[in-house]
Amino acid sequence: MTSRPQTRATLYVAGNINVDLIMSTLHEWPKKGTEAMLESSSLRPGGSAGNCALALSALGAPFRLVANQGNDQFSGWLAAMFPESAALWPTYDCETSLTFGVTHPDHERTFFSNQGHIVRLSMQDVLAQIPHTAQSGDWVLLCGTWLCTALYADYPQLLAALKQRGYQVAIDSGWPPQDWSDALREQAAKWLPYCDALLLNEVETLGLADAETLDSAALSLLAQMPENAFFVAKCGPGGARLWAKNLTLHQHAEPVDVVDTIGAGDSFNAGFLSALIYGLPPATALQWGVRVAGCAISSSPRRYPDWQSLFGLVEKI
C-alpha cells in the first residue's frame with residue numbers, strides 16, 4: 001500500500017458555491033404551458049467552488065471552502081455540507097444562489113441560475129477567512145470569477161493582498177455571462193500579473209486571449225503572468241495541456257463512459273492542485289487532474305479515486 005505523504009499546506013477555494021438541481025434527460029424542449037417528466041434528478045452543492053470542494057473532500061485533501069451564504073431555506077442545507085468551512089461564512093439577507101440544470105442525450109447541459117448570495121461575496125469576506133500568513137505550499141483557488149461580481153470588482157487588490165500574505169494564487173475564471181469583449185480582456189490584464197496558475201478549458205482560453213489557436217492563446221496569456229507561472233488548458237477527452245517557461249506538457253485522458261460532465265473541470269482543479277500542495281511536480285499534477293475528472297464524469301452517484309491510486313501514479317513516473 002502506498003504511504004501517504006504529510007503536508008502542512010492547505011488549498012483555499014474561494015468563489016461561487018450554490019445549490020444545484022440537476023435533472024436528466026431532456027430529449028426536446030417542451031411546449032409552453034405543458035409538463036415534462038424526466039428520469040432522474042440530483043440535488044447537490046454546485047458552482048465551480050462547490051464542485052471543487054466536493055472533490056477535495058472525497059480525496060481527503062486539506063482544504064477550506066471560502067464563501068458566503070444567504071438566509072433562506074437552502075442556506076442551512078448548503079452550510080451543513082461543509083460545516084468546518086461554513087462556520088466562517090458571513091450571512092447576507094438574500095436568497096441562496098440556485099442553479100437548475102437539465103442534461104441532454106449528448107451529455108451537454110443547459111443551466112438556469114439566479115444571482116443570490118454569490119454576487120455579494122466581497123474581498124473583505126475572502127480575506128477574513130484566509131490566514132494572514134501562508135504556510136509553505138499553500139494555494140488559493142479563485143473560482144467563478146465573472147459570477148462573483150462584487151468580488152471581481154476588487155480582483156487586482158485581492159490578488160495583490162493574497163500574494164503579500166505569501167499565497168500562490170490559481171484562477172479558474174469560467175465563461176463570462178456577458179461573453180468576451182475587449183473591455184473584459186483589459187480588466188483581466190490588471191490581475192493576470194498576480195496569477196501563478198490559470199486553469200481554463202479550451203474555449204475559455206481562446207475567448208480570453210482572443211486567439212485562434214490554443215498554443216498562441218496560452219503563450220499570450222502566459223506572457224502576462226509572473227515569470228514562474230503556468231497555464232493549463234483542460235481539453236475534455238483530449239486530456240490537459242500545460243505551458244510554463246521553457247516547459248510544455250500534455251497528459252492524455254483514458255477513454256471513459258461519460259455519465260455526467262457537470263463539474264468536470266472543477267474536479268480536474270481539485271486533483272491538479274491537490275498534487276501541488278503535496279509538493280508534486282506539474283507532470284504529476286496533470287495526471288491527478290485528469291484522473292479525478294475522468295472518475296467524476298464516468299460515475300453516478302459521483303465517485304473519485306482514492307489517494308492510494310493517485311499516489312500510485314507518482315511511483316510510475
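Only a predicted model underlies this, so the values are computations on that prediction, with no experimental measurement involved.

A. Looking closely at the pairing of strand β2 (residues 18-24). In terms of burial, β2 is largely enclosed, as five of its seven residues are buried. In the sheet, β2 pairs with strand β3 (residues 40-46) via seven bridges, with the strands oriented antiparallel. Residue pairing across strands places D20 opposite R44, the latter belonging to β3. Inspection of the sheet shows β2 paired to strand β5 (residues 98-103) by five bridges, in the parallel sense. Pairing of L21 across the sheet is with F100, part of β5.

B. A look at the packing of aromatic side chains. A complete count under the given rule lists 13 aromatic pairs for this structure. Judged by centre distance (5.7 Å) and plane angle (85°), the rings of Y12 and Y167 are edge-to-face. Remark: Y167 occurs in the loop between α6 (155-164) and β8 (168-172) and Y12 occurs in strand β1 (residues 11-14); sequence separation between them is 155 residues. Since its relative accessible area comes to 1%, Y167 is described here as buried. Between F230 and F272, the aromatic rings sit 5.7 Å apart at their centres with planes inclined by 65°, giving edge-to-face as the arrangement.

C. Structural detail: the pattern of salt bridges. Applying the stated rule across the entire model yields six salt bridges. One salt bridge in this structure joins K163 and D196, with 2.7 Å as the shortest N-O distance. Taken together, the residues span a long stretch of sequence, with K163 in helix α6 and D196 in the loop between α7 (182-191) and β9 (197-201) at a distance of 33 residues. D210 is the partner of R185 in a salt bridge, and the nearest nitrogen-oxygen pair spans 3.8 Å. On the criterion of sequence distance, the pair formed by R185 in helix α7 and D210 in the loop between α8 (202-209) and α9 (214-222) is long-range, its members being 25 residues apart.

D. Focus on the side chain of S122. Position of S122 among the secondary structure elements: in the loop between β6 (109-113) and α4 (123-128). A relative accessible area of 14% places S122 in the buried class. Ignoring anything within four residues of it in the chain, the contact list for S122 reads Y92 and L151.

E. Up close: the sheet that holds β9. On the basis of which strands lie adjacent, the open sheet formed by eight strands has the order β4-β1-β7-β8-β9-β10-β11-β12 and mixed pairing. Edge positions in the sheet fall to β4 (63-66) and β12 (247-251), since each has one partner strand and no second. Each neighbouring strand pair of the sheet contributes to a mean axis angle of 15°, computed without reference to strand direction. The pairing of β8 with β9 spans two bridges and is parallel. When the bridges of β9 are listed, I171 appears paired with L198. Running over the sheet, helix α11 (residues 282-297) touches β10 (230-234), β11 (240-244) and β12 and is turned about 25° from β12.

Calculation rules
- Residues numbered from 1 in each chain as written.
- Predicted model: local features only at pLDDT ≥ 70, side-chain atom pairs only at ≥ 80, totals over all residues.
- Heavy atoms only, no water.
- Buried < 20%, exposed > 50% of the residue type's maximum accessible area, 1.4 Å probe, protein only.
- Helix = DSSP H or I, 4+ residues; strand = E, 2+ residues; numbered from the N terminus.
- Pairing = 2+ DSSP bridges.
- Phe/Tyr/Trp six-rings, centres within 6.5 Å; stacked < 30°, edge-to-face > 60°.
- Salt bridge = Lys/Arg side-chain N within 4 Å of Asp/Glu carboxyl O.
- Contact = heavy atoms within 4.5 Å.
- Axes fitted to C-alpha atoms, helices over the stretch in contact; angles between N-to-C directions.

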